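Okay, here's what each chain looks like letter by letter:
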Amino acid sequence: HFDAAVLASLKGDFERLLAADCYEAITYAFVSAQELERWGLAEGAVALANPLSADLAVMRTSLLPGLIAALRYNQNRQQTRVRLFELGRRYQQGGEGAPVEQAMLGIVLSGSASPEQWGASKRAVDFYDLKGIVDALTAGAQQAGRIRYAPGGPDRLHPGRSATVLLEGRTIGHFGALHPELAARLDLSGEVLVAELAVDGVLDRAMPKAQDLSRFPSVRRDLALVVREEIVYEQLEACARAAAGSLLRQSVLFDVYRGPGVESGCKSYAIGLIFQDDSRTLSDADVDQLVAAIAARASSDFGAQVRS
């Protein structure tokens, strides 16, 4: 029930999901009120005037209950590796008049990260496998600096392994591990990873633009900063870009350390800072000044200390 223009715009996203070994699912838009209550998704649900049965009495407020039901059906038939996605609409009571419909993209992963094989050790799918898929779906907006992730999500997700997707400050979805208590109530086996994103947020992206490559060499400096536990890397990255401006071409987080030498309640982020200018070769003094400016800004904003 989507027009041809939307489906054409999503063609690349479908290809990315298929390349990630996901299968498209189509689930009912009707669910039971009890199922939504179990998920904590009953608020704003639209009840049908003449439902076919009690199990199909309300319109879904999320794609996840239907996708999880499909996952459970497969698990009950010895299919331990399940990777599904669905493009569909969710429905909620509007302020006045007709219910509000919103196009959503839902994803469910469980089981091993890769098909069974002899050449690699088996491991379970994890948060970062799902994050990689979400990264691919939002790559265009991420490259423009318009997408960011915030820790945590709704109660149905694991508080320590979940994230909220923000497009210029507006929430367009969530992803992470299903909360263990909810997974137990739903009779699921193993850890289950889920994501749900608003289609308009996924499609809100600009075409990448070609840029000239600098003829001058880049310079890398590594900087380790000790910060309080609640500080996330994204905050330090934004701080570094604000301090160094366009000369900071890339920052790479290559280590997170907690232990001897770092105060309790703190952690050390080791960051690779890559600098480059389009008009000249940066001198050691130039780079030293940029690194000092980043360290000073991090100290001022977050109380960060340089770890030697």
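Residues numbered from 1 in each chain as written. Predicted model: local features only at pLDDT ≥ 70, side-chain atom pairs only at ≥ 80, totals over all residues. Heavy atoms only, no water.

Would you mind showing me how to read the sheet that holds strand 10 (residues 219-228) here?
Within a sheet, each strand pairs with its neighbour through backbone hydrogen bonds, oriented either parallel or antiparallel. Strands sit in the order 11-12-10-13 across an open sheet of 4 strands; the sheet is antiparallel. Each of the sheet's edge strands pairs with one partner strand only, and the pair in question is strand 11 (248-257) and strand 13 (305-306). Two elements, strand 10 and strand 12 (residues 266-275), share 10 bridges in a ladder whose sense is antiparallel. Bridge pairing in strand 12 places V227 opposite K267. Strands in contact with helix 9 (residues 233-244) are strand 10, strand 11 and strand 12; relative to strand 11, the strand with the most contacts, it is inclined by about 145°. The strands touched by helix 10 (residues 284-302) are strand 10, strand 12 and strand 13; relative to strand 10, the strand with the most contacts, the crossing angle is about 15°. (Pairing = 2+ DSSP bridges. Helix = DSSP H or I, 4+ residues; strand = E, 2+ residues; numbered from the N terminus. Contact = heavy atoms within 4.5 Å. Axes fitted to C-alpha atoms, helices over the stretch in contact; angles between N-to-C directions.)

Got a minute to help me understand the pairing of strand 6 (residues 147-151) in this structure?
Side chains on a regular strand alternate between the two faces of the sheet. Across 5 bridges, strand 6 lies against strand 7 (residues 157-167) in antiparallel orientation. Bridge pairing in strand 7 links Y149 to V165. Where strand 6 folds back on strand 7, the antiparallel hairpin that results is connected by 5 residues, among which G152 adopts a positive phi of roughly 90°.

It is not clear to me how the sheet that holds strand 1 (residues 23-24) should be interpreted in this structure. Could you clarify?
Pairing is mixed in the open sheet, where 7 strands are placed in the order 1-4-5-9-8-7-6. For this open sheet the edge positions go to strand 1 and strand 6, each flanked by a neighbour on one side alone. The pairing of strand 4 (residues 82-92) with strand 5 (residues 100-110) spans 11 bridges and is classified as antiparallel. Across the sheet, the residue bridging to R90 is Q102, located in strand 5.

Is there a simple way to think about the environment of D277 in this case?
Assignment of secondary structure puts D277 in the loop between strand 12 and helix 10. It is 8.3 Å that separates the C-alpha atoms of D277 and S246, two residues lying 31 residues apart in sequence. Leave out the neighbours within four places in its chain, and D277 touches S214, F216, L247, R249 and L282. At 3.2 Å, the side chain of D277 forms a polar contact with the backbone nitrogen of S279. (Polar contact = N/O pair within 3.5 Å; in protein donor to acceptor, adjacent residues only side chain to side chain.)

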